[in-house]
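Take a look at the letters that make up each chain.
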Amino acid sequence: MQEYNWFTGTNLKVGIYGESHSESIGVRLEGLACDKLDTNALAAFMKRRAPGQNDWSTPRKEADEVIVDTLQNGLFEAHIQNTNTKPHDYSNLLRTPRPGHADFTARLKYGESFNSSGGGAFSGRLTAPLCAAGFLAMSYLEQKGIKINAHIKSIAGVKDESYNFDDRAEEKAFLEKLSAVPQKEFPVIDDAKGELMKEAIAKARANNDSVGGTIEVVIQGLPGGIGGPIFEGIEAKIAALCFAVPACKGVEFGNGFGAAELTGATNNDSFVFAEGLKLKTNRCGGILGGISVGGTVAPIVFDVAVKPTPTISKEQNTVDLETKSNTTITVGGRHDPCIVPRAVPVYEAVAALALADFI
């Protein structure tokens, strides 16, 4: 019997089990009315997140083939075999917690028996089954005309072209370019900026270090009136699932923290009739009072901040929990010098699960 970690929504339940180096990892999704699965499209979606495919990801290679165990009556169960595990790479870390990791806090909660190999249940490896569930949710939403696309907004200070909250004149052209990103190996709109990002990642890897960045997610076609006040807001549910993804350090909707620097007159989005009702600007990110304004009025736009990969090969200061002394560690194993490129489809997946729960 697998031990799941659950998200319980209003209509959906999502459970994830497994660890970075366990025999398998898996997912159980309850409550989604979907009994058909395009296995080729699922494989293509999973490949966007899969490790070991290029110079900017971990050398660990995993096929990430989703093996479907159940798909009927609103229940989806699936698992993925871990085929390239090296738990011994982390054996020296059982007593010396890695800076930036959950090693120390996990021991506070679970005791000295906690297995930190590869991050255990805190590992980004668990986003693979999360993506499988998210793909089902995306397929369900697409049948209703709702599309979710994301791209790298920035890495190490290099910025991709992004949504303009203050001027929507070029919005249609931007959304068309954004829709082509899933077919790219490196998920950016401006390929020249993507090359600069790759250079920054390569430099970090050469220095035994890592870099972080931001991801922009755009939701088109969501009907107006979805969500609600207080605990029922769209932002609350999307953000909760975003923070379930390891390395997420912030979520902002619309112009987010930028709104704090404006006045009400400059931050408010005026309503206007122009080929239907629209928002003249979209600083709110398509959400007012926790409720969607509707895809014909303005798309939902939010950003996610992703921290640098905490596992780095550079020597770091830590402590020895057994001898109660200061020491240093040099972490071996395999890791991404930048998590951001592989995280793009993950945030599409969690946004889809949040919206499917509403609908």
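Read on for a plain summary of the structure. (Residues numbered from 1 in each chain as written. Predicted model: local features only at pLDDT ≥ 70, side-chain atom pairs only at ≥ 80, totals over all residues. Heavy atoms only, no water.)

Right, let's get into the overall build of the protein. The helix and strand tally for the protein stands at eight helices and 16 strands. The C-alpha atoms of the protein give 21 Å as radius of gyration, which agrees with the globular expectation for 359 residues (21 Å, within 12%). The principal-axis extents of the C-alpha atoms in the protein amount to approximately 70 × 45 × 35 Å. Per-residue burial for the protein yields a buried fraction of 50% across its 359 residues. Here the contacts in the protein between residues at least 6 apart in sequence split such that 70% fall between residues at least 24 apart. Once the 36 positive and 43 negative side-chain charges of the protein are each reduced to a mean point, those two points are 2 Å apart. (Helix = DSSP H or I, 4+ residues; strand = E, 2+ residues; numbered from the N terminus. Rg over C-alpha atoms; globule rule 2.2 N^0.38 Å. Buried < 20%, exposed > 50% of the residue type's maximum accessible area, 1.4 Å probe, protein only. Contact = heavy atoms within 4.5 Å. Lys, Arg positive; Asp, Glu negative; His and termini not counted. Charge placed at Lys NZ, Arg CZ, Asp CG, Glu CD.)

All right, on to the nonpolar core then. Grouped together as the largest cluster of nonpolar side chains are 73 residues, with contacts concentrated most on I219, F302 and Y347. No other element matches the 13 residues that helix α8 (residues 340-358) contributes to this core. Those residues in contact with Y347, other than ones at most four positions away along the chain, are I215, V217, C242, V245, C248, V304 and V306. Within the second largest apolar cluster, nine residues are counted, among which are Y163, F165, L178 and V218. (Core = buried A, V, L, I, M, F, W, Y, C linked by side-chain atoms within 4.5 Å.)

A few words now on the packing of helix α6 (residues 234-242) against α8. Look at α6 against α8: their axes get within 9 Å of each other, and the N-to-C directions meet at 140°. On the basis of the axis angle, α6 is oblique to α8. Helix-helix and strand crossings are classified by hand; for α6 and α8 the assignment is right-handed. Together, I234, K237, I238, L241 and C242 of α6 and Y347, V350, L353, A354, L355, D357 and F358 of α8 make up the contact between the two elements. Partitioning the contact of α6 with α8 into residue classes produces 10 nonpolar, no polar and two charged. (Axes fitted to C-alpha atoms, helices over the stretch in contact; angles between N-to-C directions. Parallel < 35°, antiparallel > 145°, perpendicular 65-115°, else oblique. Left-handed = near helix turned anticlockwise from the far one by under 90°. Nonpolar A, V, L, I, M, F, W, Y, C, P; charged D, E, K, R; others polar.)

What follows covers the sheet that holds strand β14 (residues 300-306). Strand order in the open sheet formed by five strands is β7-β6-β8-β14-β9, and the pairing between neighbours is antiparallel. Looking at which strands have only one partner, the edges of the open sheet turn out to be β7 (158-159) and β9 (248-253). Bridge analysis of strand β6 (residues 147-155) against β7 gives two bridges, and the strand direction is antiparallel. Bridge assignment links I155 to a residue of β7, and that residue is V158. (Pairing = 2+ DSSP bridges.)

All right, on to the packing of aromatic side chains then. Inspection of the entire model under this criterion finds six aromatic pairs. Plain terms: the ring middles of Y4 and W6 are 5.4 Å apart, the flat faces sit at 40° to each other, and that makes the pair tilted. A relative accessible area of 21% means that Y4 is categorised as partly exposed. For W6, a relative accessible area of 35% translates into the label partly exposed. Ring centres 5.3 Å apart and planes at 35° place the aromatic pair F253 and F302 in the tilted group. Residue F253 is located in strand β9, and its partner F302 is located in strand β14; the two are separated by 49 residues in the primary sequence. Taking the relative accessible area as the measure of exposure, F253 reaches 15% and is therefore buried. A relative accessible area of 0% places F302 in the buried class. Ring pairing ties together the aromatic residues Y4, W6 and Y17, which thus form one cluster. In this arrangement the basic side chain of K13 is found over the ring face of W6, its NZ or CZ atom lying 4.4 Å from the centre. (Phe/Tyr/Trp six-rings, centres within 6.5 Å; stacked < 30°, edge-to-face > 60°. Lys NZ or Arg CZ within 6 Å of the ring centre and 35° of its normal.)

A few words now on the pattern of salt bridges. Per the stated rule, a full pass over the model turns up 16 salt bridges. Between K153 and D303 there is a salt bridge; the shortest N-O distance is 2.6 Å. In this pair, K153 is assigned in strand β6 and D303 in strand β14, connecting sequence segments 150 residues apart. Across the pair, D303 and K153 agree in class, each one buried. Here K237 makes a salt bridge to D357, at a shortest N to O gap of 2.4 Å. (Salt bridge = Lys/Arg side-chain N within 4 Å of Asp/Glu carboxyl O.)

Quick look at the sheet that holds strand β1 (residues 5-8) now. Sheets are built from strands paired through backbone hydrogen bonds, the pairs being either parallel or antiparallel. Overall, antiparallel pairing links the five strands, which are arranged β1-β2-β3-β5-β4 in an open sheet. Looking at the sheet topology across the chains shown, the edges are occupied by β1 and β4 (67-72). Strand-to-strand twist in this sheet, taken as the mean axis angle between neighbours without regard to direction, amounts to 10°. Sheet analysis places strand β3 (residues 24-30) next to strand β5 (residues 75-81), joined by seven bridges and oriented antiparallel. Bridged to I25 within β5 is I80.

What follows covers the packing of helix α1 (residues 39-49) against α8. Direction vectors running N to C along α1 and α8 enclose 130°, while the axes themselves pass 6 Å from each other. The pairing of α1 with α8 is recorded here as oblique in orientation. Taken together, the residues of α8 that come into contact with α1 (itself represented by F45, R48 and R49) are R342, V344, P345, V346, E348 and A349. Residue composition of the contact of α1 with α8, grouped by class: five nonpolar, no polar and four charged.

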